[in-house]
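Reading the structure
If you want the building blocks of each chain, they are given just below.
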Amino acid sequence: MTDAQCDRKTDAQCGAELYEGTLGTPMKYDILQGIGAVVMVLFAQGAIRLLVDHGNTGLLGWLGGGFGVALTAHLALVALGVLLTGWSHDKAKALGRRG
């Protein structure tokens, strides 16, 4: 994109086009942020439930391995949700979609 084309658009629009190639794709970061939040909340709730009732492994019951494995998996998925949410928020902010 040339400087003349960027002058007619806002900085956020120009940055989005340079980074993504089109103006429509930055919304994917909003969707990824939502998915990360859902994963974080779902598995945090599961980890808390597992701490209260060691035998109730919930969604990860198919893993086997007992309490330790299930708790580690829940906590790893909570961390993954946190990282995905933070990363996608930072990307959206860099493109001007956050204040």
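Note: the structure precedes this text.
Residues numbered from 1 in each chain as written. Predicted model: local features only at pLDDT ≥ 70, side-chain atom pairs only at ≥ 80, totals over all residues. Heavy atoms only, no water.

A short note on the overall build of the protein
Selection criterion: Put simply, DSSP marks the helices as runs of H or I at least four residues long and the strands as runs of E at least two long, and each gets a number from the N terminus on. Categorising residues by exposure relies on relative accessible area from a 1.4 Å probe, with only protein chains included: less than 20% of the type maximum marks a residue as buried, more than 50% marks it as exposed, and the intermediate range marks it as partly exposed. It only takes one pair of heavy atoms within 4.5 Å for two residues to be counted as in contact. Each accessible area value is a Shrake-Rupley result obtained with a 1.4 Å probe; residue values ignore everything except the protein chains displayed when judging cover.
A tally of regular secondary structure across the protein gives 4 helices and 0 strands. Along its sequence from the N terminus, the protein presents helices and strands in the succession α-α-α-α. Sorting the 99 residues of the protein into buried and exposed places 25% on the buried side. Partitioning the contacts of the protein with sequence separation of at least 6, the portion at a separation of at least 24 is 52%. For the protein, the exposed area adds up to about 6,200 Å²; of that, 67% sits on carbon and sulfur atoms.

Examining the side chain of His74
Within the fold, His74 resides in helix H4 (residues 66–94). A relative accessible area of 1% means that His74 is categorised as buried.

Examining a nonpolar patch on the surface
For clarity, the threshold we go by: Each patch is built from residues that are more than 30% exposed by relative accessible area and take part in no salt bridge. Like charges join if they lie within 9 Å; nonpolar side chains (Val, Leu, Ile, Met, Phe, Trp, Tyr) join within 5 Å. The working definition used for a salt bridge is a side-chain nitrogen of Lys or Arg within 4 Å of a carboxyl oxygen of Asp or Glu.
Where nonpolar side chains cluster on the molecular surface, the patch consists of Met27, Ile31 and Ile35 and spans about 290 Å² of accessible area. Here Ile31 lies in helix H3 (residues 27–52).

Quick notes on the environment of Gly86
Structurally, Gly86 is set in helix H4. The class for Gly86 is partly exposed, based on a relative accessible area of 29%. Distance from Gly86 to Gly36, taken between C-alpha atoms, is 8.4 Å for residues 50 residues apart in sequence.

Focus on the side chain of Thr85
Worth spelling out the cut-off: In protein, a polar contact means a hydrogen-donor-capable atom and an acceptor-capable atom, both N or O and within 3.5 Å, with residues adjacent in sequence counting only if both atoms are side-chain atoms; elsewhere, any N or O pair within 3.5 Å suffices.
Within the fold, Thr85 resides in helix H4. Look at Thr85 and you get buried, because its relative accessible area is 16%. A polar side-chain atom of Thr85 sits 3.0 Å from the main-chain amide nitrogen of Ala37. Those residues in contact with Thr85, other than ones at most four positions away along the chain, are Gln33, Gly36 and Ala37.

Observations concerning the packing of H3 against H4
Helix packing for two helices is described by the angle between their axes and how far apart those axes are. How we decide: For helices, the fitted axis covers only the stretch in contact; all axes are lines through C-alpha atoms, and the angles between them, taken along N-to-C directions, range from 0 to 180 degrees. We call two directions roughly parallel when the angle between them is under 35 degrees, roughly antiparallel when it is over 145, roughly perpendicular when it lies between 65 and 115, and oblique otherwise. By the definition used in this description, the sense in which the near helix is turned from the far one sets the handedness, with an anticlockwise turn below a right angle giving left-handed and a clockwise turn giving right-handed. Residue polarity is assigned by list, with Asp, Glu, Lys and Arg as charged and Ala, Val, Leu, Ile, Met, Phe, Trp, Tyr, Cys and Pro as nonpolar; anything else, Gly included, falls into the polar class.
Direction vectors running N to C along H3 and H4 enclose 155°, while the axes themselves pass 7 Å from each other. As far as their axial angle goes, H4 and H3 are roughly antiparallel. Of the two elements, H3 crosses H4, and the hand of that crossing is left-handed. Of the residues in the contact of H3 with H4, the class split is 21 nonpolar, 8 polar and 3 charged.

Concerning H4
This is how it is decided: Expected span of a helix, by definition, is 1.5 Å for each gap between consecutive residues, and there is one gap fewer than residues.
Here H4 contains 29 residues, and its C-alpha end-to-end distance of 42 Å stays within 8% of the 42 Å for a straight helix at 1.5 Å per residue. Elements in contact with the buried residues of H4: H3. Looking one or two residues past H4, Gly96 carries a phi angle of roughly 85°, positive in sign.

Here we look at the environment of Leu77
You can see Leu77 is positioned in helix H4. Along the primary structure Leu77 and Val41 are separated by 36 residues, whereas in three dimensions their C-alpha atoms are 9.8 Å apart.

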